[in-house]
Amino acid sequence: MKKTVSVIGLGNRGTEYMGFLKYFHRSKVEIYALCDKRQQALDDIAPKYGVPKERQFLSPDVFFAHGVLSDALIIATQDASHYEITKQAILTGYKYILLEKPVSGVRAEYTELRDLALAHGVLLVICHVLRYSNYYSKIKEIIQSGELGDIVSINHTENVGYFHFAHSFVRGNWRSEAESTPSILAKCCHDIDLIAWFMDAPCVSVSSVGSLKFFRKENAPAGAAPTCMGGCKAKKDCPYDAQRLYLTDPFYKAKFIKFMKRTLTGKTHNKKSDVEAAVKNGDYGRCVFFCDNDVCDNQFVTMTFQSGATAVLEMNGFSDKMFRECHIVGTKGELVGYGTKLKKHIFGGKTSNVKTSKLHLSGHVEGDIRLIAGFVKLICGETTDLTNITTIEATVVSHDIALAAEQSRKHGGAPVLLESE
Ligand SMILES: NC(=O)c1ccc[n+]([C@@H]2O[C@H](COP(=O)([O-])OP(=O)(O)OC[C@H]3O[C@@H](n4cnc5c(N)ncnc54)[C@H](O)[C@@H]3O)[C@@H](O)[C@H]2O)c1
């Protein structure tokens, strides 16, 4: 018999995971019930998956009032709701839960969820999708093989990309610490998770510097207006002009693929006029210098691990690149990663290009697909092996480091010591 999966949050992430379940795992699982606070989302998505009206819900409270509806639950709502909804899910009796990151920006909340999951025998998996990609799995495999010797340091950069940063962290859903979390947690909990996973040792000390340097009203050029289509006189030379980014420049339009348009309009199916109206009147048409954003646009984090190894993470919102770079140094060799290209140098020996995947899918799609495949195996009872599965326990580590970084940054970079529980 097929296993059943319900989904709360039918936005970009929730529907992407549903697509993978349908296309790759339809013989094993079916989508059973759906919940989203937007009627439009239910109307657009439910028919595609044959979910009848009686299994569509507009609020998590009503959804949970029906008890346990399915074998597993995916929670892909926005950040601020993760804690409440996941707590309700555990207390209602769901045993397999896949939750989007970040879990919460409040330590007491994410540790409570960890403890509740343990007490109720719940497998709570967090979507640290990068770990599941062939590329990062290969890096982990090389480190574990011992070829590089003992790991001494990791230098990792998350190039968010200048227009991606403006879209998500200046105009969009992750611009405000109060509505989401600090950008080092929202964007880089993945990177911190990878670093901690590679180091395989507790992190003992963290320090950080960074700021919201650029996207502030005092940096607005002469002639700038509150919205890009509202009479701005500085458009011509502005790389952040929303009209160009979302409407007229074919290069950016290609990058702002379907899901970005959905973010702009809130609709699954968009006409050109919907996108135009959203850019003219909506949040994504605002001047990047006159938004209500407060999260850092650049930040460095240094970490010291119990093994004595050290790591540096850079998050920046200004690069033309939109991919991660890393340099992992061991006592016998090193790895240099550039996007999805990986080079291995063994000291006094060979230098080689490491093959990680036949086909590199864009962004972190490959990790998304493999995360879902791993989750399906777990809910179908095909494996109980949790090695390398990103459970809430691993998430506590990455979130603790991110919050320590924020604490340090707000205190001029002073080191914050992390105690193991
Ligand atoms: N794992 C990753 O790499 C990754 C990448 C991007 C985003 N995310 C995270 O995934 C989550 C979802 O992001 P998204 O881009 O899909 O957002 P989104 O805004 O496209 O989708 C969120 C959906 O949840 C619904 N919703 C919000 N609050 C709700 C509530 N209380 N009850 C019911 N429905 C509710 C919204 O109506 C919307 O349809 C966020 O937490 C985000 O930080 C993770």
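Residues numbered from 1 in each chain as written. Predicted model: local features only at pLDDT ≥ 70, side-chain atom pairs only at ≥ 80, totals over all residues. Heavy atoms only, no water.

Asker: Would you explain the pattern of salt bridges in this entry?
Answerer: Tallying each qualifying case throughout the model produces 25 salt bridges. Between Glu112 and Lys87 there is a salt bridge, and its shortest N-O distance comes to 3.0 Å. Linking Glu112 in helix α5 (residues 107-119) with Lys87 in helix α4 (residues 82-92), this pair joins segments that are 25 residues apart in sequence. According to the relative accessible area criterion, Glu112 is partly exposed, its value standing at 26%. (Salt bridge = Lys/Arg side-chain N within 4 Å of Asp/Glu carboxyl O. Helix = DSSP H or I, 4+ residues; strand = E, 2+ residues; numbered from the N terminus. Buried < 20%, exposed > 50% of the residue type's maximum accessible area, 1.4 Å probe, protein only.)

Asker: Looking at this model, I keep getting lost on the site of the ligand. Mind explaining?
Answerer: The environment of the ligand is formed by 23 residues, the closest being Arg13, Asp36, Arg38, Asp79 and His190. At a separation of 3.5 Å, an oxygen atom of the ligand approaches a polar backbone atom of Gly11. Here an oxygen atom of the ligand and a side-chain polar atom of Trp174 are 3.1 Å apart. Bound to the protein, the ligand loses 87% of the 850 Å² it would expose on its own. For the shell around the ligand, a count of residues per class yields seven nonpolar, nine polar and seven charged. Residues from two domains meet in the shell around the ligand; each of domain 1 (3-126) and domain 2 (131-215 + 293-357 + 390-417) gives at least three. (Near = heavy atom within 4 Å. Polar contact = N/O pair within 3.5 Å; in protein donor to acceptor, adjacent residues only side chain to side chain. Areas by Shrake-Rupley, 256 points an atom, 1.4 Å probe, with all protein chains shown as cover. Nonpolar A, V, L, I, M, F, W, Y, C, P; charged D, E, K, R; others polar. Domains from an automatic or database assignment.)

Asker: Please clarify how the layout of surface pockets should be interpreted in this entry.
Answerer: Empty space among the atoms can be located by rolling a probe the size of a water molecule over them. Counted as a void, the second largest pocket has a volume near 760 Å³. Along the wall of the second largest pocket there are 33 residues; nearest its centre are Pro202, Cys203, Val396, Val397 and Asp400. Going through the elements one at a time, α5, α6 (134-145), α9 (189-199), β8 (203-211), α15 (392-410) and β15 (416-417) are the ones with two or more residues in the lining of the second largest pocket. Residues lining the lining of the second largest pocket come from more than one domain, with at least three contributed by each of domain 1 (3-126) and domain 2 (131-215 + 293-357 + 390-417). (1 Å grid on protein atoms, 1.4 Å probe; cavity = no way out; pocket = protein on both sides within 12 Å on 5 of 7 lines; lining within 4 Å. Points joined across faces, edges and corners; volume = space filled by probe spheres on them.)

Asker: Where do I start with the sheet that holds strand β6 (residues 123-126) in this structure?
Answerer: For sheets, the rule is that strands pair by backbone hydrogen bonds, running either parallel or antiparallel. With respect to topology, six strands assemble into an open sheet ordered β3-β2-β1-β4-β5-β6, the strand pairing being parallel. Pairing within the sheet leaves two strands with one partner each, and these edge strands are β3 (56-57) and β6. Against the sheet, helix α14 (residues 365-379) contacts β1 (3-8), β2 (29-35), β4 (72-75), β5 (96-99) and β6, and its axis sits at roughly 165° relative to β5. (Pairing = 2+ DSSP bridges. Contact = heavy atoms within 4.5 Å. Axes fitted to C-alpha atoms, helices over the stretch in contact; angles between N-to-C directions.)

Asker: Looking at this structure, I do not really get the environment of Leu98. What am I missing?
Answerer: Along the chain, Leu98 falls in strand β5. In this structure Leu98 comes out as buried when scored by relative accessible area, which is 0%. On a C-alpha basis, the gap between Leu98 and Leu124 in space is 6.1 Å, while along the polypeptide they are 26 residues apart. Not counting residues up to four positions away in its chain, the partners in contact with Leu98 are Leu73, Ile74, Ile75, Val125, Cys127, Leu371, Ile372 and Phe375.

Asker: I keep staring at empty space enclosed by the protein and nothing clicks. Help me out?
Answerer: By the definition in use, this model includes three cavities of 30 Å³ or more. Each pocket or cavity is described by its volume, and for the largest cavity that value is around 90 Å³. Along the lines of polarity and charge, the residues of the lining of the largest cavity split into eleven nonpolar, one polar and three charged.

Asker: Where do I start with the sheet that holds strand β9 (residues 298-305) in this structure?
Answerer: The strand order across the open sheet formed by nine strands is β14-β13-β12-β11-β7-β10-β9-β8-β15, and the pairing between neighbours is mixed. Single-partner strands in this sheet number two, and they are β14 (351-354) and β15. Bridge analysis of β8 against β9 gives eight bridges, and the strand direction is antiparallel. Residue pairing in the sheet places Gly210 in a bridge with Gln299 of β9.

Asker: Help me out: how do you make sense of the pairing of strand β11 (residues 324-330) in this one?
Answerer: Looking along a regular strand, one sees the side chains alternate between the two faces of the sheet. Here β11 lies mainly inside the structure; six of its seven residues are buried. Summarising the sheet, strand β7 (residues 151-159) and β11 pair through seven bridges and their orientation is antiparallel. Opposite Ser153, over in β11, you have Val329 as the bridge partner. Of the pairings in the sheet, the one linking β11 to strand β12 (residues 333-338) comprises five bridges and is antiparallel in character. Note that in β12 the partner of His327 across the bridge is Val336. In sequence, β11 turns back onto β12 through a hairpin of two residues.

Asker: I would appreciate a short explanation of the domain arrangement of the chain in the present structure.
Answerer: Put simply, an interface is often sized by how much accessible area is lost when its parts join up. Annotation of the chain at the domain level lists domain 1 (3-126), domain 2 (131-215 + 293-357 + 390-417) and domain 3 (228-285). For domain 2, the biggest contributors to the area lost against domain 3 are Phe163, His167 and Arg171; these three give 63% of the whole. The interface formed by domain 2 and domain 3 contains zero salt bridges. On inspection of domain 2 and its partner domain 3, the count reaches three residue pairs in polar contact (both at pLDDT 80 or more). Taken together, the residues of the side of domain 2 that touches domain 3 break down into six nonpolar, three polar and one charged. (Buried area = accessible area lost by both parts, 1.4 Å probe.)

Asker: Can you walk me through the environment of Ser357 in this structure?
Answerer: Within the secondary structure, Ser357 sits in the loop between β14 and α14. Note: C-alpha distance between Ser357 and Lys341 (16 residues apart in sequence) is 9.9 Å. Residue contacts for Ser357: discarding those within four places in its chain leaves Asn134 and Glu366.

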